[in-house]
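If you want the building blocks of each chain, they are given just below.
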Amino acid sequence: MIENNMGNLSLTGQCIPPLRTGEYEVSAKISLKFSKTEETSLKEAKRFFVQGQRFTVKQEQIESVYPAPGECCSHSVILPHVVVSPCTLPFECAVLPDGESSLKTPYLALLLFHDDEMPKLIHGSVRDLFKSPGKGRIFYPEDYTKEEEDLACTFMDVPGDLFAKIAPAADELAFLVHGRKSNPQLKAKKLMSLSVKEVQSVIFCNRIPRSGNSKEPYLNHVCLVSLAGCSRIWKDGTNCPAVRLAVLYHWEFFALEETAGEELLQSVHTKSFTLPVPETAGKNVRELLQNGYVPLEHTLREGSRTVSFYRGPFVPAHTHKTVQTKDSPDSLYRYDPEIGMFDVSYACAWEIGKLTALSREDIARKIMMSRNAALNRMHKEEVQEMLSNAGVKEDISSQLLHYFEKCFGEKKDEIMVSEGTEDPD
C-alpha cells in the first residue's frame, strides 16, 4: 500500500471473475413429504451462458490511459498503461486451454507500435473480422453468437515477425495486469464523465516507446487487443505473414528525450487539451472539439435548459474572430445556425473579468464612489427640474435643494435661511 497526505493507494492481486466463460445450468425442485412418503411436485431447470467481451468493449469501461491521447512527454517517465473496469474485465475470457493457469492469464494485452510500424486499422463488424484475412491467419475460435456478429469491431493485420518482436509471451501476460484500489482523491482523470468503480484493473505495456527531439517528437501508437482463445498464436503466429487481432481501444502519443524545462513547455502538444472526437461527429462539431471546445449544460435566464459550447482561456487554439466591447455577457452569446448551438466562451470571459475586477478592493471602492457620485448628480438634476417646472424662483429653489439634500441624507450642511424668510421647520 502506498500512502501520502491525500490518502492511500492499494495494489491488489488479479481480479478473477466468479464464473468462467461457458454454459451453465441451474435446476431447482420442490419436494413434499407426507408421513414416510416423499413426492416431487415441481422440477425446473434453466440454462444460461457466460460470455466475455472478446471483440469489443464499451467506451465507459476505459477509465483512463497513460500517457494521455496526444500528449507529448519525456522518454524516461513513460510506461504506457490503461485502467479498465470492471476489475474482472481482463479475465472474462480464456486464452489458454482449460486449467489453473488459464484462469490467471488475462486475455487483454497492450501492444505499442512505433509510427512506422503501425498497421492499418480496419473498422467493421465481428462478422467482417473473420472474413478475407488474405495471407494472414485468424487464431480466434469462430464460435461467435448471433448477438456478437453484428457488433461494431475494429481490427488490424499485424505482420507475424513484428508480433513475435513486440507482443508479451503467454507466461508474461499475468505479470502485466494487477488490481488497484484507491480513494477518490487519487483516482486518475477519466476520459468519460461517468462514476469510477472502487477497484479497477491496470494493464501495462511491455515495450518502451521510441523518442524524438524537442523539435520533432516521435509518434507512438498503443492498442488494447484481445487474445481470447488465441492459445496457439505464440507458436504459429511467427510463421504467418500476418495475424489478425481485434483492437478494443487505440490511442497515440508523442515521446521525446528529456530536455530543459523551457524546451519541454514549448513542445507540449495541444491535442491533449481536447476531448476525444466521436467518429459520428459532423464536420463543424469535429472542428469545435479539436479546437478545445466542450459541450456543457446551460441554463438560460428564463429557466429553460440547453447545451452550449465553451472553450476556456487556457486552451490554445487559432481564432480569427474579433469581439467588440459589450455592456453585458448576454450580448456576447454567439449562435451557430448550422449546429443549432450557442458559443458562450466570450460571455463567460466577460463575467470572469467582471468578478476578477470586483475582487480587488481598490477597484471596487472606485466603482462604488463613481456610482454614488452619478446617483447624487442625477438626484440633484431631478430636484432642480421638478422645482423649475413648478415655477419656483432660483434663489428659493437653491434653499429647497439644500433642504431636500438634508432630508435624503446626501449633505450634512445646515439649511441656509435668508433673513425675512420663514423657517421650513
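Refer to the structure presented above.
Notes on the structure follow. Along each chain, residues carry numbers from 1 onward, in the same order as the chain's sequence is written. Only residues with pLDDT of 70 or above have their local features reported here, since the model is predicted, and side-chain atom pairs are shown and tallied only from 80 upward, although totals for entire chains, interfaces and linings are computed over all residues. Working from all heavy atoms in the structure, the side-chain values ignore hydrogens and water.

## Focus on helix H9 (residues 361-389)
Taking 1.5 Å of rise per residue, 29 residues should cover 42 Å, and H9 covers 42 Å from first to last C-alpha, within 8% of that figure. Looking one or two residues beyond H9, the residue adopting positive phi is Gly 391, at roughly 85°. Secondary structure elements follow DSSP: runs of H or I no shorter than four residues count as helices, runs of E no shorter than two count as strands, and numbering proceeds from the N terminus. Expected helix span is taken as 1.5 Å per residue step, with the number of steps being one fewer than the number of residues.

## Here's the deal with the environment of Phe 91
With respect to the helices, strands and loops of the structure, Phe 91 is situated in the loop between strand E7 (81-84) and helix H1 (100-104). Using a 1.4 Å probe on the protein chains alone, a residue whose accessible area is under 20% of its type maximum counts as buried, one over 50% counts as exposed, and one in between counts as partly exposed. Taking relative accessible area as the criterion, Phe 91 reaches 6% and is therefore assigned buried. Considered as a pair, Phe 91 and Pro 106 are 15 residues apart in the sequence and their alpha carbons are 4.8 Å apart.

## A look at the pattern of salt bridges
We define a salt bridge as a contact between a side-chain nitrogen of Lys or Arg and a carboxyl oxygen of Asp or Glu at a distance within 4 Å. Overall, the coordinates contain 17 salt bridges when judged by the stated rule. Salt-bridge contacts for Glu 297 lead to Arg 305; the nearest nitrogen and oxygen are separated by 2.5 Å. Notably, a salt bridge pairs Arg 360 with Asp 362, separated by 3.0 Å at the nearest N-O pair. The class for Asp 362 is partly exposed, based on a relative accessible area of 33%. Through salt bridges with shared partners, a single network forms among Arg 54, Asp 143 and Glu 148.

## Comments concerning the nonpolar core
Note on terminology: a nonpolar core comprises buried Ala, Val, Leu, Ile, Met, Phe, Trp, Tyr and Cys residues joined through side-chain atoms within 4.5 Å. Val 82, Phe 113, Tyr 140 and Leu 224 are the most contacted members of the largest nonpolar core, which has 56 residues in total. For this analysis, residues touch if any pair of their heavy atoms sits within 4.5 Å. Leave out the neighbours within four places in its chain, and Phe 113 touches Met 118, Pro 119, Met 156, Val 158, Leu 162, Ile 166, Arg 207, Asn 220, His 221 and Cys 223. Leu 288, Leu 289, Tyr 293 and Met 341 belong to the second largest nonpolar core, which has 5 residues in total.

## As for the side chain of Thr 88
With respect to the element layout, Thr 88 can be found in the loop between E7 and H1. The exposure class of Thr 88 is buried, given its relative accessible area of 18%. Beyond its immediate stretch of four places on either side in the chain, Thr 88 contacts Cys 15, Ile 16 and Pro 17.

## Observations regarding unusual backbone geometry
That bond from Tyr 66 to Pro 67 is cis: its omega, -10°, falls within 30 degrees of zero. Among the secondary structure elements, Pro 67 is positioned in the loop between strand E5 (62-66) and strand E6 (72-74). For the bond from Ser 85 to Pro 86, the omega torsion is -5°, close enough to zero to count as cis. Within the secondary structure layout, Pro 86 lies in the loop between E7 and H1.

## Structural notes on the environment of Ser 231
Within the secondary structure, Ser 231 sits in the loop between strand E13 (218-226) and helix H5 (233-236). A residue is classified by how much of its surface remains accessible, and Ser 231, at 29% relative accessible area, is partly exposed. Between the C-alpha atom of Ser 231 and that of Val 95, which follows or precedes it by 136 residues, the distance is 5.5 Å.

## Regarding the pairing of E5
Counting buried positions along E5 gives 4 out of 5 residues, so the element sits mostly inside the fold. The pairing criterion for strands is at least two bridges between them, as found by DSSP. As judged from the 4 bridges shared by E5 and E7, these two strands associate in the antiparallel manner. Bridging across to E7, Tyr 66 finds its partner in His 81.

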